[in-house]
Structures are given as structure tokens and as C-alpha cells.
Amino acid sequence: MHSTDVAQADPGDLIACPQCDALYRARMPDHGRRAVCTRCHTVLIAPRRRAGMIIIALAAAQLVLVLGAVWFPFLRISRQGFANEATLLDAALSFSGGPLLLLSLAVTALIVLVPLARAVLTIYVLGPLVFDRPAPPGALRLFAFAEALRPWSMAEIFALGCAVALVKVADLAHLSFGPAFWMFAGLVFLTVIHDRWMCRWSVWHALERGYGARKARVAA
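In what follows, the accompanying structure is described.

1. Concerning helix 5 (residues 139-149)
In step 1: Restricting attention to buried positions, one finds in helix 5 the residues Ala-139, Phe-143, Ala-146, Glu-147 and Leu-149. Seen from one end, helix 5 has its buried residues packed into an arc of 160°, which puts them on one side.

Structure below.
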């Protein structure tokens, strides 16, 4: 895309590369093909057939895994006949008093509430679009909020920290993983797949087109 073409284009028709800030005129590629930045080769638009239904299924699975990881035991520690089980919330809220309470609340929000909120918002925003229904109220703002939460979803960081901590205490006691640990591991895996399947430009395009059609019907 030449700079003169970009300068004469409608700003609403432009897309910026998130890595190098190069501007392009946005065009929906054919299914199975991708729009890639020519400067840094970052994928800009990647539509897939039935991607919306797959993303909703992944979000629903994430929702179930988050709730299960909170409810079931996360870890069991035993030594010399004494045993103790801890849930994910017990681990996150291990400091229940003093100045570290704020840290515990922040950890809980980043590893539980943020993935939970993103899954709920994804289902709320994409559900009607997949079934050719009008976009729900506030869909644009809520999808923007879900995208703003994406860098703050620290489930994989927490899993890595738990792995390091468990290696250090493995010689002191017998450790066994509970169902919540495997649910949490599945949550991390599904989050990665979810983010790779999500074509954000396609979602924005569908939402803006839906709102444009709604305004046209109201004006008529």
C-alpha cells in the first residue's frame, strides 16, 4: 500500500500494524488467506470459517475450567502422615492480612476474575453475531474492555510460578496435583488457542457493520 493511497483513504477503512504501526487500507481477505504486514510480517487479518462458533466454544470451556479450578483442590501436600489440601483461591489468598492483602487480591483478580470476565464478554459479544442476530447492547465498549483486559490475564504466569515453587519444595514434602491443577493447565492452553483464533479486525468489522445497519433502520 502506497502512502498516497493511505493518505486519501477514509480513516475508518485503515488498519495499523500493532508491531510497527504501518498503515494499510483494510480489506477482508478470502477465507483461508491472511492479510500480513509487508514490513514486519505480522498477521493483521485472518478470517476463518466458523471461527466465531469455535471461539465461543473455547470461551465456554474456559468459563467451566475457571469455575472448576476455583472449586476443586489445586494441590495436596503430605509429610510424616500429615496432609493438607489447598484450592486455587487458598493459594492466591495466602496472605490474608497486612499490606500483602492487596497483593493477594490483585493475584486473585489477574488469575481468576480477568479470565472469567474475558470468557463471559466473548460469549456475550460474539454469541448473537454467530447466529446472525443484531449485536447486543454495548457490544463495542464491552469488546474493547475485553481486549484491554487481555494483557492482564496472568494465568500462564501463575502456572509458571507454581511450577518453580513446587520444584523447590519437592524435597521437603510429598506433592500431588489435584483436579484444579489440571483444569488450570487446560485453561492456560485454551487461552492461547482462543487468542490465536480470534481475528479482532473481523469482530470489529462485524460489530460496526451491525451498528451501522441498526442506525440506518432507525433513521428510515
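2. Side note on unusual backbone geometry
Of all residues except glycine, most have a negative phi; of all peptide bonds, most are trans.
In step 1: The residue His-41 is not glycine, and still its phi comes out positive at about 65°.
In step 2: Among the secondary structure elements, His-41 is positioned in the loop between strand 3 (35-36) and strand 4 (43-45).
In step 3: Phi at Asp-132 is positive, roughly 55°, even though this residue is not glycine.
In step 4: By the secondary structure assignment, Asp-132 is in the loop between helix 4 (100-130) and helix 5.

3. A look at the pattern of salt bridges
In step 1: Under the definition given, this model contains 4 salt bridges.
In step 2: A salt bridge links Asp-195 to Arg-118, with the shortest nitrogen-to-oxygen separation between them at 3.0 Å. One end of the pair, Asp-195, is in helix 7 (residues 179-197); the other, Arg-118, is in helix 4, and 77 residues separate them in sequence.
In step 3: Residue classification places Asp-195 among the partly exposed positions, given a relative accessible area of 22%.
In step 4: The salt bridge partner of Asp-195 is Arg-200, with a shortest N-O separation of 3.7 Å.
In step 5: Salt bridges linked by common partners bring Arg-118, Glu-147, Arg-150, Asp-195 and Arg-200 together as one network.

4. Examining the packing of helix 4 against helix 5
To characterise two packed helices, one gives the angle between the axes of the helices and the distance between these axes.
In step 1: With their axes 9 Å apart at the nearest point, helix 4 and helix 5 run at an angle of 150° to one another. Relative to helix 5, helix 4 is oriented roughly antiparallel. Remark: the crossing between helix 4 and helix 5 carries left-handed chirality. Each of Val-114, Ala-117, Arg-118, Leu-121, Tyr-124 and Val-125 in helix 4 lies in contact with helix 5, whose residues at this interface are Ala-139, Leu-142, Phe-143, Phe-145, Ala-146 and Leu-149.
In step 2: Of the residues contributing to the contact of helix 4 with helix 5, the split by class is 11 nonpolar, no polar and 1 charged.

5. Some details on helix 4
In step 1: With 31 residues, helix 4 extends 44 Å between its outermost C-alpha atoms, agreeing within 8% with the 45 Å of an ideal straight helix rising 1.5 Å per residue.
In step 2: The sharpest bend along helix 4 measures roughly 40° and falls at Ala-109.

6. Thoughts on the side chain of Thr-122
In step 1: Examined against the element boundaries, Thr-122 turns out to sit in helix 4.
In step 2: Look past the residues within four positions of Thr-122 in its chain and what remains in contact with it is Ile-55, Ala-59, Gly-127, His-194 and Met-198.

7. Describing the environment of Ala-22
In step 1: Relative to the helices and strands, Ala-22 is located in the loop between strand 1 (14-16) and strand 2 (23-25).
In step 2: On the basis of relative accessibility, which here comes to 7%, the residue Ala-22 falls in the buried class.
In step 3: Considered as a pair, Ala-22 and Cys-37 are 15 residues apart in the sequence and their alpha carbons are 7.6 Å apart.

Conventions adopted
Residues numbered from 1 in each chain as written. Predicted model: local features only at pLDDT ≥ 70, side-chain atom pairs only at ≥ 80, totals over all residues. Heavy atoms only, no water. Buried < 20%, exposed > 50% of the residue type's maximum accessible area, 1.4 Å probe, protein only. Helix = DSSP H or I, 4+ residues; strand = E, 2+ residues; numbered from the N terminus. Arc of directions from axis to C-beta. Salt bridge = Lys/Arg side-chain N within 4 Å of Asp/Glu carboxyl O. Axes fitted to C-alpha atoms, helices over the stretch in contact; angles between N-to-C directions. Parallel < 35°, antiparallel > 145°, perpendicular 65-115°, else oblique. Left-handed = near helix turned anticlockwise from the far one by under 90°. Contact = heavy atoms within 4.5 Å. Nonpolar A, V, L, I, M, F, W, Y, C, P; charged D, E, K, R; others polar. Expected span 1.5 Å × (residues − 1). Bend = angle between axes of the 7 residues up to and from the residue.

Everything listed is a geometric property; what it means functionally is a separate question.
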